[in-house]
Amino acid sequence: QVQLVESGGGLVQAGGSLMVSCAASGRASPFLTMAWFRQGPGKEREFVAAINYGGSTKSVDSATGRFTISRDSAQSTVHLQMNNLRPEDTANYYCAAAFNSQLSSFESEYRFWGQGTQVTVSS
């Protein structure tokens, strides 16, 4: 049974840093693309960043220069390092995994999802 388990959320002051991680299990071969989405209070879930098996990445404009997505050498864990956090980054952050390497920003392209980890940025 495939599972994606997020960790690392918490409370941080504006301007601070936080790293969230997602461990994938239950599959013999790595997912080709892993991504982060987030859903803020009263908002729809939105794409944040993605990384494929080859190490190519894609991120939303608001994250560029502040957030970095990476994968470990075994390709089973993905991290999102978030720097210079803003109150508007407050959201539940979800890990997602896909069988293709397209770095899609569309939720429908991702087959598996984690339960989410809450990130709260205070002003």
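Residues numbered from 1 in each chain as written. Predicted model: local features only at pLDDT ≥ 70, side-chain atom pairs only at ≥ 80, totals over all residues. Heavy atoms only, no water.

Enquirer: Quick question: what am I supposed to make of unusual backbone geometry here?
Expert: What you tend to see is this: most non-glycine residues have negative phi, and most peptide bonds are trans. One non-glycine residue, Gln 75, lies in positive phi territory at about 65 degrees. You can see Gln 75 is positioned in the loop between strand 7 (67-71) and strand 8 (77-82). Overall, the relative accessible area of 16% leaves Gln 75 in the buried class. Phi is positive for Leu 103, which is not a glycine, with a value near 55 degrees. (Helix = DSSP H or I, 4+ residues; strand = E, 2+ residues; numbered from the N terminus. Buried < 20%, exposed > 50% of the residue type's maximum accessible area, 1.4 Å probe, protein only.)

Enquirer: Is there a simple way to think about the sheet that holds strand 1 (residues 3-7) in this case?
Expert: Strand pairing in a sheet takes place through backbone hydrogen bonds and is either antiparallel or parallel in direction. Read across the sheet, four strands follow the order 1-3-8-7 without closing on themselves; strand pairing throughout is antiparallel. The two strands at the open ends of the sheet, each matched to only one other strand, are strand 1 and strand 7. Ignoring strand direction, the axes of neighbouring strands in this sheet form an average angle of 15 degrees. Where strand 7 lies against strand 8, five bridges are found, and the strand directions are antiparallel. Bridge pairing in strand 8 links Arg 71 to Val 78. (Pairing = 2+ DSSP bridges. Axes fitted to C-alpha atoms, helices over the stretch in contact; angles between N-to-C directions.)

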